[in-house]
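The lines below spell out each chain.
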Amino acid sequence: MNLFRNNADFKLDVLREVGNIGAGNAATALSTLLNKPVDMAVPTVNLLPFEAIAERVGGSEAVVVAIFLRVEGDAPGNMFFIINREPARRILQGLLGFNAAENDDYSELELSALNEIGNILAGSYLSSLADFTGLRMSPTVPSLAVDMAGAILSYGLLQFGTMGDDALLIDTTFLEGHQEAEGHFFLIPDPESFEKLFRALGVPF
Amino acid sequence: MTEGTLIKVGMADLNIAEGGAVLKTTGLGSCVGLTLYDPHLRLGGMAHIMLPSSEIAREGQLNIAKYADTAVPELLTRMKSKGAVTARLIAKMAGGAQMFAFMGGTDTMRIGPRNVEATKQALELFSIPLVSEDTGGNYGRTVELDSHSGVFSIRSVQFGVKEI
């Protein structure tokens, strides 16, 4: 991608900050929901081969809970909130106050709760980003899947597929107690959105 | 490439196998896992197709394994170079799911079914019969082709393993 021909380091820093601001707000929202501290790692910005993207959440066949939203507006893209099954169960326990399903048979209520969590987190991520950039960015209704990470994430890479075999994603890891990954936030702006993001933030493209 | 060897086919990738080696591609969502098989040579080929048509490509260097219309001829060429005969080949495929079905509106959202349709069209061009398929739905699949038996197995989270 010719995105980083000029000012590559600076642009990466800016995108990292984009992730920082959005995910920071989302982490606060999650912390409020669960009534306990939620930390986040410094976001990473990666231009990764498609193959490597699912590795970030345990591999292509790893079963994950994913909430997907399409970002619409001035800088469209895809957004995933991905959690492994065990943290998802703990979140549900914390939120609903009863023992959530041990296996993969989530009840309607549990699925609905997970969907709503994704909705709240993505909403807070995007609204802070929209405020910061002055761009109009709105999430679609979220959709949830419990399935193989590869199958889920590949869907978010299609826009990049026509351009090459890599995609740029802003990845933020949520932590609980400084160790276990509570979840991943992936923001995958469409290739066309980068110029708009950079312009909005005053970065020479 | 002998029995027990596993050959991984990545996303937007293709490969061939013989001598009992197994071709495998993981985590197919809207992508299509297409296999060609020559029972006489016990030679198999697999492509992990991501998009329906290379006409939409804006790549500098076209990855022909990625698009249905280019992956099928390429896989065929690779197999022929190993002695496969087009008239003997049979095709099987899986994938083409709609992982997120909530908004049917735009074309991108229908990419799974479009990948399936485009792959079928490409096979028809070479008169390669599609003998079985496990496509559609809203779930991910991992598929394997055994180059010795020609058995195509499909694993999913909800439905376990099945063979076609």
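Residues numbered from 1 in each chain as written. Chains lettered and ligands numbered in written order. Predicted model: local features only at pLDDT ≥ 70, side-chain atom pairs only at ≥ 80, totals over all residues. Heavy atoms only, no water.

In the nomenclature of an unreviewed UniProt entry, chain B is known as Probable chemoreceptor glutamine deamidase CheD of Cohnella herbarum. UniProt's Function (unreviewed entry) comment on chain B is quoted here verbatim: "Probably deamidates glutamine residues to glutamate on methyl-accepting chemotaxis receptors (MCPs), playing an important role in chemotaxis." UniProt, in the comment section headed Catalytic activity (unreviewed entry), describes chain B in these words: "L-glutaminyl-[protein] + H2O = L-glutamyl-[protein] + NH4(+)". (UniProt positions renumbered as here; feature names shortened; annotations may be inferred.)

Chain A is annotated in an unreviewed UniProt entry as Chemotaxis protein CheC from Cohnella herbarum.

A. Structural context of the overall build of chain B. Assigned secondary structure in chain B consists of two helices and ten strands. Along chain B, from the amino end to the carboxyl end, the secondary structure elements read β-β-β-β-β-α-β-α-β-β-β-β. Dimensions along the principal axes, computed over C-alpha positions, put chain B at roughly 45 × 35 × 25 Å. When the 164 residues of chain B are sorted by exposure, 53% land in the buried category. Long-range contacts, defined as pairs at least 24 residues apart, comprise 60% of the intrachain contacts of chain B with a sequence gap of at least 6. Accessible area of chain B: about 6,700 Å², with a carbon and sulfur share of 50%. Across chain B, 16 positive and 16 negative side-chain charges occur, with their mean positions spaced 2 Å apart. (Helix = DSSP H or I, 4+ residues; strand = E, 2+ residues; numbered from the N terminus. Buried < 20%, exposed > 50% of the residue type's maximum accessible area, 1.4 Å probe, protein only. Contact = heavy atoms within 4.5 Å. Areas by Shrake-Rupley, 256 points an atom, 1.4 Å probe, with all protein chains shown as cover. Lys, Arg positive; Asp, Glu negative; His and termini not counted. Charge placed at Lys NZ, Arg CZ, Asp CG, Glu CD.)

B. Representation of the side chain of B:Ser153 within the structure. Residue and element names in this part refer to chain B. On the secondary structure map, Ser153 appears in strand β9 (residues 152–156). With relative accessibility at 14%, the residue Ser153 sits in the buried group. Among residues more than four places away in sequence, those in contact with Ser153 are Thr142, Val143, Glu144, Val161, Lys162 and Glu163.

C. Spatial organisation of the interface of chain A and chain B. On the chain B side, the residues contacting the 30 residues of chain A number 36 residues. Of all residues in chain A, A:Tyr155, A:Leu158 and A:Thr162 give up the largest surface area on contact with chain B, accounting jointly for 24% of the area buried on that side. Linking chain A to chain B there are five salt bridges. The shortest N-O distance in the salt bridge between B:Lys24 and A:Glu61 comes to 3.6 Å. Here chain A and chain B share 15 residue pairs in polar contact (both at pLDDT 80 or more) between them. Every element with two or more residues in the side of chain A that touches chain B is listed here: α2 (50–53), β3 (63–73), β6 (143–148), α5 (149–155) and α6 (158–161) of chain A. For the side of chain A that touches chain B, a count of residues per class yields 14 nonpolar, nine polar and seven charged. (Buried area = accessible area lost by both parts, 1.4 Å probe. Salt bridge = Lys/Arg side-chain N within 4 Å of Asp/Glu carboxyl O. Polar contact = N/O pair within 3.5 Å; in protein donor to acceptor, adjacent residues only side chain to side chain. Nonpolar A, V, L, I, M, F, W, Y, C, P; charged D, E, K, R; others polar.)

D. Structural view of the nonpolar core. With 93 residues, the main nonpolar core has A:Leu15, A:Met79, A:Phe80, A:Leu121, A:Tyr125, A:Phe174 and A:Phe185 as its most contacted residues. Apart from the residues within four sequence positions on either side, A:Met79 is in contact with A:Ile67, A:Phe68, A:Leu69, A:Val71, A:Ala122, A:Tyr125, A:Leu126, A:Phe185, A:Phe186 and A:Leu187. With 24 residues, the next largest nonpolar core counts B:Leu43, B:Leu76, B:Ala91 and B:Ala118 among its residues. (Core = buried A, V, L, I, M, F, W, Y, C linked by side-chain atoms within 4.5 Å.)

E. Geometry of the pattern of salt bridges. Residues and elements named next belong to chain B. Per the counting criterion, the structure on display carries 19 salt bridges over all chains. The salt bridge partner of Glu59 is Lys66, with a shortest N-O separation of 3.3 Å. Each member of the pair, Glu59 as well as Lys66, carries the same accessibility label: buried.

F. Examining the UniProt feature "domain: CheC-like protein" (unreviewed entry) in chain A more closely. UniProt's entry tags residues 12–46 and 109–144 of chain A with the feature "domain: CheC-like protein" (unreviewed entry), counted in the numbering of this structure. Structurally, residues 109–144 of chain A is divided into 69% helix and 14% strand, and its ends, taken at the C-alpha atoms, are 13 Å apart.

G. Quick peek at the sheet that holds strand β4 (residues 32–38) of chain B. Residues and elements named next belong to chain B. Across the sheet, five strands lie side by side as β2-β5-β4-β6-β7; this open sheet has mixed pairing. On the outer flanks of this sheet lie β2 (14–18) and β7 (130–135), each paired with one strand and no other. Across the sheet, the mean angle from the axis of one strand to that of its neighbour is 15°, orientation sign disregarded. (Pairing = 2+ DSSP bridges. Axes fitted to C-alpha atoms, helices over the stretch in contact; angles between N-to-C directions.)

H. Region of interest: the sheet that holds β9(B). All names here are of chain B. Strand order in the open sheet formed by five strands is β1-β3-β8-β9-β10, with mixed pairing between adjacent strands. Here the strands that pair on one side only, and so sit at the sheet edges, are β1 (6–8) and β10 (160–163). Strand-to-strand twist across the sheet, computed as the mean angle between neighbouring axes with direction ignored, equals 20°.

I. Molecular detail of helix α3 (residues 85–96) of chain A. All names here are of chain A. The end-to-end C-alpha separation of α3 is 16 Å, in line with the 16 Å expected for twelve residues at 1.5 Å each. Among all positions in α3, only Pro87, Ala88, Arg89, Ile91 and Leu92 are buried. Two residues or fewer past α3, Gly97 is found with a positive phi of approximately 75°. (Expected span 1.5 Å × (residues − 1).)

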